[in-house]
Amino acid sequence: MLYTILQFAVLLSAIFIGIRLGGIAIGYAGGLGVVVLGLVFGMKPGNIPWDVILIIAAAIAAISAMQQAGGLDYMVRVTEKILRVNPKFINYLSPACGWLLTILAGTGNAVFSLMPVVVDVAKSQNIKPSVPLSLMVVSSQIGITASPVSAAVVYMSGVLEPLGWNYPTLLAIWISTTFIACMLTAFIISLITPMDLSKDSVYQERLKAGLVKDAGAILHGEDKKGAKLSVGIFLLTVLAVVLYATAISSNIKWIDPVIVPRDAAIMSFLLTAATLITWLCKVETSKILETSVFKSGMTACVCVFGVAWLGNTFVAGHESAIKEVAGNWVKQAPAMLAVAFFFASMLLYSQAATAKAIVPVIITALGISATNPHDSYMLVACFAAVSALFVLPTYPTLLGAVQMDDTGTTRIGKFIFNHSFFLPGVLAIVIAVSLAFFIAPLCI
């Protein structure tokens, strides 16, 4: 028992060190934790989630090429027009746009460029930017669990398809439940949160100090020549991914036998999209490496590499005990799986890495198999709970929202958890999981 406590302390300490250092150092610290667990406690290093890392890398390759071609800016500009045309509905449009961009791009980092727009529109309506910003960031995180090109969805659908769940059904459940959850969360937060910007003391202090920009100060750039084409190529690729994965799960004859498995198909489709965008839109390949999406995406790869490896090392070392405890908890109360997902994602810092670490344990503990798939609905229903990356105020989009809100209403409190994103995030996950628990059993 003492050894287990010390090993868990190493896990938490490594994550804490990474969080304090920030950014890519979270992944570095994961490697430090593996060294300590291996050399000091004699634990065998766990499996590295290469499939998750490679899918993230492939997606980032395509998205960063699209960004350099001007496609991401074009998507943001279209979204911006929607926000500015309907400024009074900013609290609903910002999470809807954040969710949709994440669904299409497969990464929540797509919302970075929208943040200044949201702040600008909110100020023009005398609304605290913290409300729409927090809703958008949370929606971008939960949207990962419904994106056809996200590593988390690819992994989960791969696990669930042999258990009788087809790809279109899974997407339908996750897309509908996460979107409804985001909208209901926006409604609740708008009701219970004081939104009058003029009454915020921090805003008034910053206004007097001249630290707040005038609403409408954001300049609009011009679309590059290949911007629309790059978006078209990327969206067609997303459609191709969905159709191919659906065809495999439905046993369509023209791809039987399956020569290219789904994961390999997704990665090759995305790299093909990157090739076409680079070629047809005349993108300078050297500048792709300088895009914000490439930098943040490669940071995510290293973070998943280190932290997920550390998490898998700890889980593998205590697999039998975790199976027994988790199995008993989930059997007594299926919703406890959502709690496990919630806390694991808070520490593992990735939806895909969390699913990769927890799902195999639960499947074994509950005896779920192709011949006994009944309890698999729990995995489908609880999947959205892997999105608790907002709990610790260190995630890039969360920190970006704090930095871009010049009114000072989006802030992190002294007690770590008392920040603008905690309540919207918890509400969105609770609602999404609750809805999925109602819908998923009907689809078995």
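Residues numbered from 1 in each chain as written. Predicted model: local features only at pLDDT ≥ 70, side-chain atom pairs only at ≥ 80, totals over all residues. Heavy atoms only, no water.

**Some details on the overall build of the protein chain**
Helix and strand counts for the protein chain stand at 20 helices and zero strands. Burial statistics for the protein chain: of 444 residues in total, 54% are counted as buried. (Helix = DSSP H or I, 4+ residues; strand = E, 2+ residues; numbered from the N terminus. Buried < 20%, exposed > 50% of the residue type's maximum accessible area, 1.4 Å probe, protein only.)

**Some points on the nonpolar core**
When a protein is soluble and globular, its nonpolar side chains tend to lie buried together. Counting residues in each nonpolar core, the largest one holds 132 residues, and the members touching the most others are Met156, Leu160, Trp165, Trp174, Leu337, Val359 and Leu379. Broken down by element, the residue count for this core peaks at 10 residues, all from helix 3 (residues 50-68). Leave out the neighbours within four places in its chain, and valine 359 touches Tyr155, Met156, Val159, Phe341 and Leu379. (Core = buried A, V, L, I, M, F, W, Y, C linked by side-chain atoms within 4.5 Å. Contact = heavy atoms within 4.5 Å.)

**Describing the pattern of salt bridges**
As enumerated under the stated definition, the model contains two salt bridges in all. Across the salt bridge formed by lysine 128 and aspartate 200, the nearest N and O atoms sit 3.7 Å from each other. Linking lysine 128 in the loop between helix 6 (115-124) and helix 7 (130-142) with aspartate 200 in the loop between helix 9 (167-192) and helix 10 (201-208), this pair joins segments that are 72 residues apart in sequence. According to the relative accessible area criterion, lysine 128 is buried, its value standing at 16%. Taking the relative accessible area as the measure of exposure, aspartate 200 reaches 5% and is therefore buried. Residue glutamate 284 pairs with lysine 287 through a salt bridge whose shortest N-O separation is 3.6 Å. (Salt bridge = Lys/Arg side-chain N within 4 Å of Asp/Glu carboxyl O.)

**Quick word on unusual backbone geometry**
A positive phi angle, near 55°, is found at asparagine 126, a position not held by glycine. Checked against the element boundaries, asparagine 126 lands in the loop between helix 6 and helix 7. Located in the positive-phi region is lysine 282, a residue other than glycine, with phi close to 55°. Within the fold, lysine 282 resides in the loop between helix 12 (262-280) and helix 13 (285-288).

**Digging into a nonpolar patch on the surface**
A grouping of Phe16, Ile17, Leu21 and Leu32 is seen on the molecular surface, where their side chains present a nonpolar patch of about 400 Å² in accessible area. In terms of residues, the nonpolar patch owes the most to one element, helix 1 (residues 2-21), which gives three residues. By secondary structure assignment, the location of leucine 21 is in helix 1. (Patch = residues over 30% accessible without salt bridge, like charges linked within 9 Å, V, L, I, M, F, W, Y side chains within 5 Å. Areas by Shrake-Rupley, 256 points an atom, 1.4 Å probe, with all protein chains shown as cover.)

**Structural notes on helix 2 (residues 25-39)**
Here helix 2 is 15 residues long and its end C-alpha atoms lie 21 Å apart, about the 21 Å a rise of 1.5 Å per residue gives. Along helix 2, the residues that are buried comprise Ala25, Ile26, Gly27, Ala29, Gly30, Gly33, Val34 and Leu37. (Expected span 1.5 Å × (residues − 1).)

**What to know about helix 20 (residues 422-439)**
Here helix 20 is 18 residues long and its end C-alpha atoms lie 26 Å apart, about the 26 Å a rise of 1.5 Å per residue gives. Three or more residues of helix 20 are buried, namely Pro424, Gly425, Ala428, Ile429, Ile431, Ala432, Val433 and Ala436.

**Some remarks on the side chain of threonine 185**
Following the sequence through the fold, threonine 185 ends up in helix 9. At 3.3 Å, the side chain of threonine 185 and the backbone nitrogen of alanine 428 are in polar contact. (Polar contact = N/O pair within 3.5 Å; in protein donor to acceptor, adjacent residues only side chain to side chain.)

**What about the packing of helix 7 against helix 20?**
Taken N-terminus to C-terminus, the directions of helix 7 and helix 20 make an angle of 40°; their axes are 9 Å apart at the nearest point. When the interaxial angle is binned, helix 7 and helix 20 end up oblique. Of the two elements, helix 7 crosses helix 20, and the hand of that crossing is right-handed. Residues Ser134, Leu135, Val138 and Ile142 of helix 7 form the contact with helix 20, whose own contacting residues are Pro424, Gly425, Ala428, Ile429 and Ala432. (Axes fitted to C-alpha atoms, helices over the stretch in contact; angles between N-to-C directions. Parallel < 35°, antiparallel > 145°, perpendicular 65-115°, else oblique. Left-handed = near helix turned anticlockwise from the far one by under 90°.)

**Quick word on the confidence of the model for the protein chain**
With 88% of its residues at a pLDDT of 70 or more, the protein chain has an overall mean of 82. Note on residues 215-219: pLDDT is under 50 here. Beyond four places in sequence and across chains, it has nine contacts. (pLDDT = per-residue confidence, 0-100.)

**Observations regarding the packing of helix 8 (residues 151-160) against helix 9**
It is the contact of helix 8 with helix 9, at a shortest axis distance of 10 Å, that shows an interaxial angle of 130°. As judged from the angle between their axes, helix 8 and helix 9 are oblique. Of the two elements, helix 8 crosses helix 9, and the hand of that crossing is right-handed. Contact with helix 8, carried on its side by Val153, Met156, Ser157 and Leu160, involves Tyr167, Leu170, Leu171 and Trp174 of helix 9 and no other residues of that element. Per-class residue counts for the contact of helix 8 with helix 9 are seven nonpolar, one polar and no charged. (Nonpolar A, V, L, I, M, F, W, Y, C, P; charged D, E, K, R; others polar.)

**Quick look at the environment of leucine 229**
Relative to the helices and strands, leucine 229 is located in helix 11 (residues 227-249). On the accessibility criterion, leucine 229 (41% relative accessible area) is partly exposed. Once residues lying within four places of it in the same chain are set aside, the contact partners of leucine 229 are Leu280 and Cys281.

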